[in-house]
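Tertiary structure, described
This is what each chain is made of:
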Amino acid sequence: MTQQQAYQSPTERVQAWADGSTLHIRFNNPTRHNALSVDMWQAVPPLLRQAESDDAIRLVVFSGAGEKSFVSGADISQFEDMRAAREAVKQYEAMAEEALMAIYLCAKPTLACIRGYCIGGGVNVAISCDIRIASDDSTFAIPAARLGLGYRLSALKNLVDLVGVGVAKDLFFTARRIDAAEAKSLGLITRACPGDGLDALLKEYTDAMGQNAPLTVYAGKRIMQEILKPDADLDRDLCQQLIRNCFDSEDYAEGRRAFMEKRKPAFRGK
């Protein structure tokens, strides 16, 4: 059995811990509704790098501390210092981009578990994840047009890829708030449930991801990332190699044996 690694966040405003095959990363700034401060952005990439090298981790879950917010956006109290000057804007955007791309490109599946406000930067974190689940009292918005902010290409591409250009324009141009029911109908989130059922819904995912074949999941994630690229940039050789890796693995043999023996397979990611 793989020994459980310890995870240490570089800031108290991000909590991190492993629970079985799941790494939990929780934004912990509840007095500001978990608004993302500089140290919170910076904490994400090293935690994800550690998770990628940890064979025991099958899923990374992002959540927000408290009952009111997942992430309410960027911490605007830092805007005057971080975004007032051109060079500061460049540094801030690079830092946020690094964190969001680390989530999007993470080799392990990622899930946003949303309760309460999911606004601006919170939406960006959520749509960088592979899966989004939310309590039915959650609220979503992208208020950049009310703040005069420029929005980065990667964030808008993730939004368009997820909900389509028409819905993306509606949400972005109006900056309107939507509830979980509309977010689900638009494809912004995957599933919604009553607030008291969110923990049980999350457990569905942590249990499933802990049992499923990690090489198959990884191959599926990478191939779907390739599918979203322009056809000329799609790496078909990589996709074929990822498929071959699954069929050549010990896990494939274990899956066949388990099926014939009518038992649950014990996948090891090898």
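Residues numbered from 1 in each chain as written. Predicted model: local features only at pLDDT ≥ 70, side-chain atom pairs only at ≥ 80, totals over all residues. Heavy atoms only, no water.

**As for the nonpolar core**
In terms of nonpolar packing, the biggest core is built from 50 residues, with Phe27, Trp41, Phe62, Phe70, Ile114 and Phe140 touching the most fellow members. For this core, the leading source of residues is helix α1 (residues 38-52), giving eight residues. One finds Leu59, Cys113, Cys193 and Leu198 within the second-largest nonpolar core, a separate group that totals twelve residues. (Core = buried A, V, L, I, M, F, W, Y, C linked by side-chain atoms within 4.5 Å. Buried < 20%, exposed > 50% of the residue type's maximum accessible area, 1.4 Å probe, protein only. Helix = DSSP H or I, 4+ residues; strand = E, 2+ residues; numbered from the N terminus.)

**Let's talk about the sheet that holds strand β6 (residues 117-119)**
Spatially, four strands are ordered β4-β6-β8-β9 in an open sheet, and the strand pairing comes out mixed. With partners counted over all chains shown, the strands left at the sheet margins are β4 (69-71) and β9 (178-179), one partner each. (Pairing = 2+ DSSP bridges.)

**Thoughts on the pairing of strand β7 (residues 131-135)**
Buried residues dominate β7, accounting for five of its five residues. Residues Ile131, Ile133 and Ser135 line one face of β7 and the alternating positions Arg132 and Ala134 line the opposite face, and both faces are buried. Strand direction decides the pairing type here: strand β5 (residues 110-114) and β7, joined by four bridges, are parallel. Its bridge partner lying in β7, alanine 112 is registered against arginine 132. The sheet contact formed by β7 and strand β10 (residues 191-193) spans three bridges and is parallel. Across the sheet, isoleucine 133 pairs through a bridge with arginine 191, a residue of β10.

**Focus: the pattern of salt bridges**
Inspection of every chain in the model, using the stated rule, returns 18 salt bridges. One salt bridge connects aspartate 39 with arginine 13, and the closest N-O pair in it is separated by 3.2 Å. Placement of the pair is aspartate 39 in helix α1 and arginine 13 in the segment before β1 (14-19), with a sequence separation of 26 residues. With a shortest N-O distance of 2.7 Å, lysine 157 and aspartate 161 are connected by a salt bridge. Taken together, the positions of lysine 157 and aspartate 161, both in helix α6 (residues 153-163) and four residues apart, correspond to about one turn of that helix. (Salt bridge = Lys/Arg side-chain N within 4 Å of Asp/Glu carboxyl O.)

**A look at the side chain of glutamate 93**
With respect to the helices and strands, the residue glutamate 93 is situated in helix α3 (residues 86-105). With relative accessibility at 19%, the residue glutamate 93 sits in the buried group. In this structure the side chain of glutamate 93 is engaged in a polar contact, spanning 2.9 Å, whose partner is the side chain of arginine 152. (Polar contact = N/O pair within 3.5 Å; in protein donor to acceptor, adjacent residues only side chain to side chain.)

**Some words on the environment of methionine 209**
In this structure, methionine 209 sits in helix α9 (residues 198-211). For methionine 209, a relative accessible area of 13% translates into the label buried. The spacing of methionine 209 and valine 60 is 149 residues in sequence and 10.0 Å in space, taken between C-alpha atoms. With sequence-adjacent residues up to four places away left out, methionine 209 is seen in contact with Arg58, Leu59, Pro109 and Val217. (Contact = heavy atoms within 4.5 Å.)

**Thoughts on the state of the cysteines**
The full count for this structure, using the stated rule, is zero disulfides. Left without a disulfide partner, cysteine 239 is nearest to the cysteine sulfur of cysteine 246, which lies 12 Å away. Residue cysteine 239 is classed as buried on the basis of its relative accessible area of 10%. (Disulfide = S-S within 2.5 Å.)

**Things to note about the packing of α6 against helix α7 (residues 165-174)**
Their axes nearest at 7 Å, the elements α6 and α7 cross at an angle of 125°. Relative to α7, the element α6 is oriented oblique. Along this stretch, α6 crosses α7, giving a crossing that reads as right-handed. Only Val165, Val167, Ala168 and Phe172 of α7 make contact with α6, whose side of the interface consists of Leu156, Leu159, Val160 and Val163. (Axes fitted to C-alpha atoms, helices over the stretch in contact; angles between N-to-C directions. Parallel < 35°, antiparallel > 145°, perpendicular 65-115°, else oblique. Left-handed = near helix turned anticlockwise from the far one by under 90°.)

**Things to note about the side chain of serine 154**
Here serine 154 shows up in helix α6. A relative accessible area of 16% places serine 154 in the buried class. At 2.7 Å, the side chain of serine 154 and the side chain of glutamate 97 are in polar contact.

**Re the environment of proline 46**
If you trace the backbone, proline 46 turns up in helix α1. Residue classification places proline 46 among the partly exposed positions, given a relative accessible area of 33%. Sequence separation between proline 46 and glutamine 225 is 179 residues; the distance between their C-alpha atoms is 22 Å.

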